[in-house]
Amino acid sequence: MSDTSEEEEEQNTIGEYNGDRNEAKQRHGYGVAHLPNGDIYRGYYNEGKRHGRGHYRFKKNGSRYTGEWQDGKKHGRGVFVYPDGTRYEGNWEDDMKSGQGTYYFANGNKYVGEWREDMRQGMGICFCPASNCKYVGEWENDRRNGKGTLVHEDHRFDGLWKDDLPNGPGCYVFGDELVQEGVYIVREQELSDEEMGHSVDEDEPSLNLVPIWRAERVLCGEAAVNRIQHGLGGLGEGRQPRPATRAETTKSELAGDAEEEAEEEEQEQ
């Protein structure tokens, strides 16, 4: 069913709609809506609200979401593609990233793990191909916080983190038989005008937090092996990110749906 001229008031407020309606004339079932701002939604409705599978495209910047909706909000499994090409594939709650999800950054980094209210929260892994390393551990408020391990090609650091910096006790592990224990102390360091890129107010100097490593002892051979086997005080005693279940839509299927929706829109335009 299409909107008629007699429903002009509805068109002016929520755009044009072609699709199913219920007895109360509400959008109900499958339909395509063209909003006044140019955005397009094609998918399912329930009593006037987006509900079920659907695809939403923002005209202003080209962002698009393909996935599940509930009561007019992104809720369930879905893929959101941003203007710069970054994308999120995973779970949504009340229009926000929440639960298990994967975020692909424009610089090539990838985060796989837990989210809450649009921020990385809980256990997660961040892969950084440019620096050939990855962080495996706890997150809070979108930053590395708690126990975590930073893994490089030839060594790794395992210890405590706060506000995205190593902070507190930890140890460096080199191979299987060498461990250096110590503590990171974070200090404030004033930035120069050149580092800031503009003049600095003398009354309010800008400070940079710098982690400083203080080695305390080195373990070799059997002592190092025992230290590693009995835990390094980091992720070994924590929780690993939960793997996806069969009940959840796979990332490849979600991404495929998003690509198909985008191709259909291009053909219609």
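Residues numbered from 1 in each chain as written. Predicted model: local features only at pLDDT ≥ 70, side-chain atom pairs only at ≥ 80, totals over all residues. Heavy atoms only, no water.

Below, the discussion takes up the overall build of the chain. Looking only at helices and strands, one finds 4 helices and 16 strands in the chain. Residues classed as buried in the chain amount to 37% of the 269 residues present. In the chain, 23% of the contacts between residues at least 6 apart in sequence involve partners at least 24 apart. When the accessible surface of the chain is split by element, carbon and sulfur atoms take 45% of a total near 15800 Å². (Helix = DSSP H or I, 4+ residues; strand = E, 2+ residues; numbered from the N terminus. Buried < 20%, exposed > 50% of the residue type's maximum accessible area, 1.4 Å probe, protein only. Contact = heavy atoms within 4.5 Å. Areas by Shrake-Rupley, 256 points an atom, 1.4 Å probe, with all protein chains shown as cover.)

A separate point is the packing of aromatic side chains. Inspection of the entire model under this criterion finds 30 aromatic pairs. For the pair tyrosine 184 and tryptophan 213, a centre-to-centre distance of 4.9 Å together with 55 degrees between the ring planes defines the contact as tilted. One end of the pair, tyrosine 184, is in strand β15 (residues 178–190); the other, tryptophan 213, is in strand β16 (residues 207–220), with 29 residues separating them in the sequence. When its relative accessible area of 11% is taken as the criterion, tyrosine 184 is described as buried. Geometry around tyrosine 104 places arginine 87 over its ring, the cationic atom sitting 4.0 Å from the centre. Over the face of the ring belonging to phenylalanine 127 we find lysine 110, whose NZ or CZ atom lies 5.3 Å from the ring centre. (Phe/Tyr/Trp six-rings, centres within 6.5 Å; stacked < 30°, edge-to-face > 60°. Lys NZ or Arg CZ within 6 Å of the ring centre and 35° of its normal.)

Taken together, the side chains of Phe174, Leu178 and Val218 make up a nonpolar region of the molecular surface, amounting to roughly 230 Å² of accessible area. Mapped onto the fold, leucine 178 is located in strand β15. (Patch = residues over 30% accessible without salt bridge, like charges linked within 9 Å, V, L, I, M, F, W, Y side chains within 5 Å. Salt bridge = Lys/Arg side-chain N within 4 Å of Asp/Glu carboxyl O.)

The next subject is the pattern of salt bridges. For the coordinates displayed, the defined rule picks out 8 salt bridges. For the salt bridge of aspartate 118 with lysine 97, the shortest nitrogen-to-oxygen distance reads 3.3 Å. Of the two residues, aspartate 118 sits in the loop between β9 (110–116) and β10 (119–128) while lysine 97 sits in strand β8 (residues 96–104), which places them 21 residues apart along the sequence. Here aspartate 118 falls in the partly exposed class, since its relative accessible area comes to 33%. For lysine 97, a relative accessible area of 8% translates into the label buried. Between aspartate 164 and arginine 144 there is a salt bridge, with the nearest N and O atoms lying 3.0 Å from each other.

This part covers the environment of tryptophan 115. Along the polypeptide, tryptophan 115 turns up in strand β9. Tryptophan 115 has contacts with Tyr88, Lys97, Ser98, Gly99, Gln100, Gly101, Thr102, Tyr103, Arg120, Gln121 and Asp142, leaving out every residue within four places of it along the chain. A distance of 3.3 Å separates a polar side-chain atom of tryptophan 115 from the backbone oxygen of glycine 101. (Polar contact = N/O pair within 3.5 Å; in protein donor to acceptor, adjacent residues only side chain to side chain.)

Summarising the element assignment, asparagine 91 is placed in strand β7 (residues 87–93). Of the residues examined, asparagine 91 reaches a relative accessible area of 18% and is grouped as buried. From its side chain, asparagine 91 meets the backbone oxygen of serine 98 in a polar contact 2.9 Å long. Excluding residues within four positions of it along the chain, asparagine 91 makes contact with Gly76, Arg77, Met96, Lys97, Ser98, Gly99 and Gln100.

Quick look at the environment of glycine 113 now. Checked against the element boundaries, glycine 113 lands in strand β9. Spatially, the C-alpha atom of glycine 113 lies 8.9 Å from that of tyrosine 103, the residues being 10 residues apart in sequence.

Okay, unusual backbone geometry next. Backbone geometry places asparagine 141, a non-glycine residue, at a positive phi of 55 degrees. Among the residues examined, asparagine 141 registers a relative accessible area of 45% and is labelled partly exposed. A positive phi angle, close to 70 degrees, is found at aspartate 142, a residue other than glycine. Positionally, aspartate 142 belongs in the loop between β11 (133–140) and β12 (143–151).

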